[in-house]
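So you can see what is in the structure, the chains are spelled out below.
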Amino acid sequence: VISRIVEYIPQEVGVLYNPKKSRKVKVWRAKQWQPFEHTEKNGIHHAVVTTQDGVLSLKAHFTTTREQYGGLELDPNSVKLDIVVSNFPYRRSDSQLCVVATVSSVNKKTSWTSWNGLQFENAGGPLGKFSWIPEAKTGTDQRISVKLHVDQDGEATKEGRYQGDFYYSMVTQPGQEHPAVLTWDPVM
């Protein structure tokens, strides 16, 4: 679940967001959502949900059979996800954005994490993985580097379940203007 977007000031150029060390400028959270949209074309399902203010859109593309979509082969076990941040209400010109995804599990602790996966102790099921897309798109020549920090020792909830955060820092170069639109599109 994309739980929030953090605008922050990096400690050094190119440094990713650290929830304990980075200086937060603003924490944006989705408050209201537009109606959910679902279409199906050529065997590919497309689901879209956008916040009422239009700042965050989540687009999922999936299939029940093997299909080609946008140069990728999708199978019934994968989802192509587009995370789109549009016209974010930045407070500062020297800040960066971090998209935060909250991950929950019925298990208390992670037993393994890497740059593209997370597995929980005694999970007994398949491992969740995703393709790492190291850059976000802006619609211009501007390159936005995406860097990940995983809270692999997240706190247990009241029910004893793991809950931790994945921090996806969208790192721009010093002096670059904030892009009007950021699109990041991993496959899960």
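One can find the structure itself at the top, above this paragraph.
Below: a short report on this structure.

**So, the overall build of the chain**
Here is step 1 of the chain: Each helix and strand in the chain was counted, giving zero helices and 17 strands.
Here is step 2 of the chain: Counting only residues that meet the buried cut, the chain has 44% of its 188 residues in that class.
Here is step 3 of the chain: Here the contacts in the chain between residues at least 6 apart in sequence split such that 55% fall between residues at least 24 apart.
Here is step 4 of the chain: On the chain, roughly 10,900 Å² of surface is accessible, and the fraction owed to carbon and sulfur atoms is 48%.

**Considerations on the sheet that holds strand 17 (residues 181–184)**
Strand pairs in the sheet, formed through backbone hydrogen bonds, run parallel or antiparallel to each other.
Here is step 1 of the chain: Spatially, the five strands line up as an open sheet ordered 3-4-5-8-17, and their pairing is antiparallel. Each having just a single partner strand, strand 3 (37–41) and strand 17 make up the two edges of the open sheet. Here the average twist between neighbouring strands, direction ignored, is 15°.
Here is step 2 of the chain: Two strands pair when backbone bridges link them, and strand 5 (residues 56–63) and strand 8 (residues 80–86) are joined in this way by six bridges, in the antiparallel orientation. Within strand 8, the position partnered with serine 57 by the bridge is valine 84.

**Observations concerning the side chain of glutamate 7**
Here is step 1 of the chain: Looking at where glutamate 7 falls in the secondary structure, it is placed in strand 1 (residues 2–9).
Here is step 2 of the chain: A polar side-chain atom of glutamate 7 sits 3.0 Å from the main-chain amide nitrogen of arginine 91.
Here is step 3 of the chain: Here serine 95 takes part through its side chain, which lies 2.7 Å from a polar atom of the side chain of glutamate 7.

**Some thoughts on the pattern of salt bridges**
Here is step 1 of the chain: Under the defined criterion, the tally for this structure stands at five salt bridges.
Here is step 2 of the chain: The salt bridge partner of aspartate 75 is arginine 66, with a shortest N-O separation of 3.9 Å.
Here is step 3 of the chain: Aspartate 75 gets classed as buried once you look at its relative accessible area, which sits at 19%.
Here is step 4 of the chain: The exposure class assigned to arginine 66 is exposed, which follows from its relative accessible area of 55%.

**A word on the side chain of serine 86**
Here is step 1 of the chain: Summarising the element assignment, serine 86 is placed in strand 8.
Here is step 2 of the chain: Excluding residues within four positions of it along the chain, serine 86 makes contact with Gly54, Val55, Ala180 and Val181.

**Regarding the packing of aromatic side chains**
Here is step 1 of the chain: Counted under the stated rule, the structure contains four aromatic pairs.
Here is step 2 of the chain: Put simply, the rings of Tyr8, Tyr17 and Tyr167 pair up and form one aromatic cluster.
Here is step 3 of the chain: Across from the ring centre of phenylalanine 88, 6.0 Å away, lies the NZ or CZ of lysine 26, which sits over that ring.

**Quick notes on the environment of isoleucine 5**
Here is step 1 of the chain: Mapped onto the elements of the fold, isoleucine 5 is located in strand 1.
Here is step 2 of the chain: Separated by 92 residues in sequence, isoleucine 5 and leucine 97 have C-alpha atoms that sit 6.7 Å apart.
Here is step 3 of the chain: Not counting residues up to four positions away in its chain, the partners in contact with isoleucine 5 are Lys26, Val27, Trp28, Leu56, Val85, Phe88, Leu97, Cys98 and Val99.

Cut-offs used in this document
- Residues numbered from 1 in each chain as written.
- Predicted model: local features only at pLDDT ≥ 70, side-chain atom pairs only at ≥ 80, totals over all residues.
- Heavy atoms only, no water.
- Helix = DSSP H or I, 4+ residues; strand = E, 2+ residues; numbered from the N terminus.
- Buried < 20%, exposed > 50% of the residue type's maximum accessible area, 1.4 Å probe, protein only.
- Contact = heavy atoms within 4.5 Å.
- Areas by Shrake-Rupley, 256 points an atom, 1.4 Å probe, with all protein chains shown as cover.
- Pairing = 2+ DSSP bridges.
- Axes fitted to C-alpha atoms, helices over the stretch in contact; angles between N-to-C directions.
- Polar contact = N/O pair within 3.5 Å; in protein donor to acceptor, adjacent residues only side chain to side chain.
- Salt bridge = Lys/Arg side-chain N within 4 Å of Asp/Glu carboxyl O.
- Phe/Tyr/Trp six-rings, centres within 6.5 Å; stacked < 30°, edge-to-face > 60°.
- Lys NZ or Arg CZ within 6 Å of the ring centre and 35° of its normal.

Such coordinate-based values are descriptive only and should not be taken to indicate function.
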